[in-house]
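Residues per chain, in single letters:
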Amino acid sequence: AGQDVGRSCILVSIAGKNVMLDCGMHMGYNDDRRFPDFSYITQNGRLTDFLDCVIISHFHLDHCGALPYFSEMVGYDGPIYMTHPTKAICPILLEDYRKITVDKKGETNFFTSQMIKDCMKKVVAVHLHQTVQVDEELEIKAYYAGHVLGAAMFQIRVGCESVVYTGDYNMTPDRHLGAAWIDKCRPDLLISESTYATTIRDSKRCRERDFLKKVHETVERGGKVLIPVFALGRAQELCILLETFWERMNLKAPIYFSTGLTEKANHYYKLFITWTNQKIRKTFVQRNMFEFKHIKAFDRAFADNPGPMVVFATPGMLHAGQSLQIFRKWAGNEKNMVIMPGYCVQGTVGHKILSGQRKLEMEGRQILEVKMQVEYMSFSAHADAKGIMQLIRQAEPRNVLLVHGEAKKMEFLKQKIEQEFHVSCFMPANGETTTILTNPCIPVDISLGLLKRETAIGPVPDAKKPKLMHGTLLMKDNSFRLVSPEQALKELGLAEHQLRFTCRVHIQDPRKEHETGLRVYNHLKGILKDYSVQHLPDGSITVESILIQATAHSEDQGTKVLLVSWTYQDEELGSYLTSLLKKGLPQGTP
Amino acid sequence: VCVAGYGQSDGNEILQLIPPPRLLTEETQGLCPERDFKVECGGFSERPVYSLRYVPDTSLLVTSGPPDSSLQVWQVSAEDSDVIKPVSTIATENGTGQSWAKIATISARAPWVLHGSRLDRVQITEVESRKNVYTAASRGSEELSGLAFLDCNTLLLCCATGRLCLADIRQPQSLVEATSVPLAPCSERWCMGTRHGPQGLEPSSQPVARLSSRGLLTLTDLRKTSEFLALARARVPSPGSGAEFLCISWAPALEGYLAISGFDGTVHVYDTQSWDSSGREAEPIFVHKGHVFGGAGGSRDPPLVTVHMWHLQKPRTLLSAASDGSLHVWDWVQPCGKC
């Protein structure tokens with residue numbers, strides 16, 4: 001998915017564990033290019049051995065479409081994780097797509113119904129915010145992502161390193177789903193989709209108002225509105241929108257939803273009611289939001305009924321099935337309208353009419369003239385630039401990686417993220433490997449004695465602030481311990497050595513050693529007011545723990561030699577004193 | 001469309017946005033594939049951006065803003081990146097108490113920027129070489145509220161006091177005072193709007209509109225500055241903070257229409273063809289109130305429209321931006337006979 005929309009599949013290696021994130025299909029290709037290139041993962045090893053688990057974020061085919069191919073045709077027997085709604089809905093969409101590709105189009109190198117079933121047997125369903133132990137070290141946790149029913153963002157953790165993968169998410173709630181949310185889990189890496197990173201969203205209200213206006217106008221003049229949809233996803237959103245509008249405006253024209261997937265869709269929304277938004281959950285007791293008063297089940301015969309109507313029919317890109325049938329019936333009348341509510345893959349009828357084609361070649365060389373109005377409005381639920389920044393703010397990752405967008409168009413966002421959050425931002429292309437450096441935490445035991453001693457030094461420790469301590473690190477076998485230097489020496493049976501430096505400074509002074517010593521003492525006492533300068537009875541001078549002695553030069557009476565002596569610990573002061581004395585004694589010093 | 005932030009702290013963004021297709025094309029389409037604006041490229045400015053102009057026929061853009069009157073030059077479109085990069089700074093001598101420079105650009109003989117924060121600091125600088133090409137003769141040191149190229153030789157300067165001055169760059173010593181303020185000056189602040197007429201017409205034949213912070217509107221013909229073409233009053237609240245966002249502009253595609261903003265969260269559109277010189281209150285053709293209702297939190301200050309402009313081709317379409325970060329693109333429907 002790097003820098004390319006469709007066919008999401010990301011491989012993460014974390015602390016020796018290998019996790020595959022999503023296994024999607026590219027809807028734009030009809031050959032092997034539609035599947036990810038799994039040879040990137042490992043050249044000759046078995047995928048089951050190499051991968052610790054596979055995680056699927058949601059049921060859209062560009063995230064799970066290649067799963068049966070991957071597990072049954074390429075070969076993988078390890079665990080596959082996804083949320084409960086995803087597990088319930090995935091196989092339906094996969095089967096649907098398989099039917100169209102194989103039965104209608106007659107392709108051969110494709111997975112079978114049995115393969116879909118076998119694949120789903122390997123799936124382990126997870127709940128939101130449930131920590132799942134994949135093995136002793138690897139654990140995963142799902143977070144609510146909005147976007148579609150059951151979509152989740154996943155946190156993958158091994159020890160103290162973690163990665164969060166967002167899949168597709170939406171930071172603004174809509175009519176039937178809530179907004180994505182994650183806690184301040186501070187992962188080392190956040191992998192975020194950035195399809196709409198360069199988009200600044202128009203206000204939802206304006207968008208909806210325009211949509212309703214168009215539908216209303218068409219219906220008022222007696223036309224028919226066709227809205228091709230995928231059974232689950234935006235369809236529910238638009239249904240709620242129309243239902244509310246019809247109710248408010250007291251409209252009588254019938255709205256239909258194509259059968260087959262309708263009951264199942266409703267069933268799933270009822271089953272997974274906790275995955276919908278607050279409002280739906282609250283009002284569910286009084287009234288099921290997905291039981292519509294104005295929207296009825298569609299029958300093929302209704303398409304020929306006179307008069308206005310609105311029909312939601314599958315599939316969404318007008319590439320086959322019922323929606324295409326209805327389209328052919330209604331295309332010739334300019335009073336009618338078709339509204340495409342989402343992205344259409346190249347090659348589909350949906351894509352053709354959106355590009356402006358008004359004469360389509362159907363099977364059997366028949367030409368269909370399209371006189372009905374063609375509209376396109378995208379209600380997609382992806383995060384825009386603002387949403388991405390919001391998520392980063394919530395999770396506080398140390399690094400960010402963007403997928404799903406175009407390289408050139410993400411440079412500005414990359415800088416924006418780097419500037420605002422002071423984290424590194426990466427944008428790899430397909431096949432590219434990005435390495436993120438982490439600072440793993442290594443737990444170390446500290447001896448009680450050392451702890452007591454160190455905390456006694458300095459100000460009272462603050463429970464919320466880190467405190468600097470000094471000790472010796474002992475690494476033995478697999479244990480790490482922090483002990484005092486004395487104890488370390490004892491344990492290792494080493495003797496402690498002291499380092500002492502002595503430096504000779506020559507100064508010109510014809511007087512006796514004793515007087516020179518006094519001069520030095522007075523001089524230092526005058527300069528080093530913050531230090532303890534002592535003159536000992538034997539004539540030597542101490543500055544803190546540094547010893548200075550004046551001796552006569554063996555050959556030259558006029559020169560005295562100052563011996564400056566200090567231990568290794570007093571290096572700094574010792575050097576300072578030496579350079580000070582090298583400057584000589586001032587003339588007037590008594 | 002280019003938008004920029006003017007917040008106090010650094011890290012203001014400049015964004016070049018591509019409007020959704022329906023706003024780019026001539027015909028009014030129905031629903032459009034994308035209704036969203038796309039960020040084509042973006043940049044970061046350390047100082048708040050108070051004024052921004054594209055330099056025609058180049059990929060450069062010039063901005064200005066406090067704390068001084070220097071200008072920043074930016075490079076917009078590069079092949080391989082979507083970042084707006086700072087290219088150079090056009091420094092100006094900093095007198096005391098200078099505010100930010102007002103700017104206007106033209107690319108007749110070369111890419112030039114006309115700029116200045118005060119009447120005695122007006123100059124034209126060649127953008128790429130940063131050489132000074134022209135300096136206006138000094139006729140006072142009032143603060144400027146706007147300046148414009150009437151054509152490639154003629155400049156019009158508007159002071160915050162309402163005074164208008166014309167200059168011909170071929171005659172550097174002369175600065176012609178165009179007109180004086182209508183009423184006794186009483187701490188009103190003025191700004192102006194000029195219009196480019198159809199090609200070939202003498203630039204000064206287009207009336208200059210001026211707006212005061214009390215809502216007074218004047219139209220002046222530059223060839224006959226001793227009297228007003230029209231005088232009217234707009235019904236507006238007194239602007240709160242210093243009236244620095246007053247803005248008045250002529251519609252490029254509708255004869256006699258102008259729009260004003262900067263008093264509150266609304267934009268007013270007037271048809272000046274019905275005005276006379278009486279100074280009566282004028283009735284707006286339309287008032288855009290969208291910014292007032294757009295906002296999220298109710299406790300915040302009501303948004304103030306910071307700038308507006310007309311769509312170059314679509315006759316009744318305007319764009320307006322407000323202090324809450326909203327950008328609106330709107331039009332109005334001409335009322336027909338029945339109500």
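What this report covers is the structure whose coordinates are included nearby. Note that the coordinates shown come from a computational prediction; the quantities given were computed from them, not determined experimentally.

Things to note about the overall build of chain B
1) Next: Of regular secondary structure, chain B possesses 2 helices and 26 strands.
2) Next: Burial analysis of chain B (339 residues in total) assigns 53% to the buried set.
3) Next: Pairs at least 24 apart in sequence give 48% of the contacts found in chain B among residues at least 6 apart.

A closer look at the nonpolar core
Residues and elements named next belong to chain A.
1) Next: Membership of the largest hydrophobic core comes to 93 residues, with the highest contact counts inside it found for Phe70, Ile191 and Ile417.
2) Next: In this structure, this core is formed jointly by two domains, domain 1 (10–200 + 381–426) and domain 2 (204–376), each of which donates at least three residues.
3) Next: Here isoleucine 191 is in contact with Ile10, Val12, Leu21, Val163, Val164, Tyr165, Thr166, Leu401 and Val403, once residues within four sequence places are set aside.

Let's talk about the packing of helix 6 (residues 204–220) of chain A against helix 7 (residues 234–249) of chain A
All names here are of chain A.
1) Next: Contact geometry of helix 6 with helix 7 gives a least axis separation of 11 Å together with a crossing angle of 65°. In terms of crossing hand, the pair formed by helix 6 and helix 7 is right-handed. Contact residues: helix 6 offers Lys204, Glu208, Phe211, Leu212, Val215, His216 and Val219, while helix 7 offers Glu237, Leu238, Leu241, Leu242, Phe245, Trp246 and Met249.
2) Next: Here the contact of helix 6 with helix 7 is built from residues that sort into 10 nonpolar, 1 polar and 3 charged.

A few points about the pattern of salt bridges
1) Next: Scanning all chains against the criterion turns up 29 salt bridges over all chains.
2) Next: Between glutamate 208 of chain A and arginine 175 of chain A there is a salt bridge; the shortest N-O distance is 2.6 Å. Of this pair, glutamate 208 of chain A sits in helix 6 while arginine 175 of chain A sits in the loop between strand 9 (161–165) and strand 10 (189–193), placing them 33 residues apart in sequence.
3) Next: Here aspartate 276 of chain B and arginine 280 of chain B are joined by a salt bridge, their closest N and O atoms 3.3 Å apart.
4) Next: Look at aspartate 276 of chain B and you get partly exposed, because its relative accessible area is 31%.
5) Next: Judged by its relative accessible area of 52%, arginine 280 of chain B falls in the exposed class.
6) Next: One continuous salt-bridge network, built from bridges that share partners, spans Lys17, Asp135 and Glu137 of chain A.

Things to note about the packing of aromatic side chains
What describes a pair of aromatic rings is the distance from one ring centre to the other and the angle between the planes of the rings.
1) Next: Counting across every chain of the model gives 23 aromatic pairs over all chains.
2) Next: Taking the centre distance of 4.1 Å and the plane angle of 10° together, the rings of phenylalanine 35 of chain A and tyrosine 69 of chain A count as stacked. Of this pair, phenylalanine 35 of chain A sits in the loop between strand 2 (17–21) and helix 1 (47–50) while tyrosine 69 of chain A is found in helix 3 (residues 67–75), placing the two residues 34 residues apart along the sequence.
3) Next: Here tyrosine 69 of chain A falls in the buried class, since its relative accessible area comes to 16%.
4) Next: Plain terms: the ring middles of tryptophan 310 of chain B and tryptophan 332 of chain B are 6.2 Å apart, the flat faces sit at 75° to each other, and that makes the pair edge-to-face. Of the two residues, tryptophan 310 of chain B sits in strand 24 (residues 305–310) while tryptophan 332 of chain B sits in the segment after strand 26 (327–331), which places them 22 residues apart along the sequence.
5) Next: In this structure tryptophan 310 of chain B comes out as buried when scored by relative accessible area, which is 4%.
6) Next: Taken together, the ring pairs connect Phe35, Phe38, Tyr69, Phe70, Tyr76, Tyr97, Phe110 and Phe111 of chain A into an aromatic cluster.
7) Next: Above the ring of tryptophan 100 of chain B, the side-chain terminus of lysine 102 of chain B is found at 3.9 Å from the ring centroid.
8) Next: Across the ring face of tryptophan 190 of chain B, the terminal group of arginine 210 of chain B is positioned such that the distance to the ring centre comes to 5.6 Å.

Quick word on the pairing of strand 11 (residues 132–135) of chain B
Residues and elements named next belong to chain B.
1) Next: Pairing analysis gives 3 bridges linking strand 10 (residues 123–126) to strand 11, with the strands arranged antiparallel. Looking across to strand 11, one finds that isoleucine 124 is bridged to tyrosine 134.
2) Next: Two successive antiparallel strands, strand 10 and strand 11, enclose a turn made up of 5 residues, where arginine 130 displays a positive phi of approximately 60°.

Examining helix 10 (residues 321–330) of chain A
1) Next: Those residues of helix 10 of chain A not exposed but buried are Gln322, Ser323, Leu324, Ile326, Phe327 and Trp330 of chain A.
2) Next: In this structure, the buried side of helix 10 of chain A is in contact with strand 12 (224–228), strand 15 (309–313), strand 16 (337–340), helix 11 (349–354), strand 17 (359–361) and strand 18 (367–369) of chain A.

Overview of unusual backbone geometry
1) Next: In this model, proline 66 of chain B is joined to proline 67 of chain B through a cis peptide bond whose omega is 15°.
2) Next: If you trace the backbone, proline 67 of chain B turns up in the loop between strand 5 (60–64) and strand 6 (71–75).
3) Next: Here aspartate 22 of chain A, not a glycine, exhibits a phi torsion of approximately 65°, which is positive.
4) Next: Within the secondary structure, aspartate 22 of chain A is located in the loop between strand 2 and helix 1.
5) Next: Backbone geometry places glutamate 544 of chain A, a non-glycine residue, at a positive phi of 55°.
6) Next: Here glutamate 544 of chain A lies in the loop between strand 27 (541–543) and strand 28 (546–552).
7) Next: On the accessibility criterion, glutamate 544 of chain A (42% relative accessible area) is partly exposed.

What counts, and where the lines are drawn
Residues numbered from 1 in each chain as written. Chains lettered and ligands numbered in written order. Predicted model: local features only at pLDDT ≥ 70, side-chain atom pairs only at ≥ 80, totals over all residues. Heavy atoms only, no water. Helix = DSSP H or I, 4+ residues; strand = E, 2+ residues; numbered from the N terminus. Buried < 20%, exposed > 50% of the residue type's maximum accessible area, 1.4 Å probe, protein only. Contact = heavy atoms within 4.5 Å. Core = buried A, V, L, I, M, F, W, Y, C linked by side-chain atoms within 4.5 Å. Domains from an automatic or database assignment. Axes fitted to C-alpha atoms, helices over the stretch in contact; angles between N-to-C directions. Left-handed = near helix turned anticlockwise from the far one by under 90°. Nonpolar A, V, L, I, M, F, W, Y, C, P; charged D, E, K, R; others polar. Salt bridge = Lys/Arg side-chain N within 4 Å of Asp/Glu carboxyl O. Phe/Tyr/Trp six-rings, centres within 6.5 Å; stacked < 30°, edge-to-face > 60°. Lys NZ or Arg CZ within 6 Å of the ring centre and 35° of its normal. Pairing = 2+ DSSP bridges.

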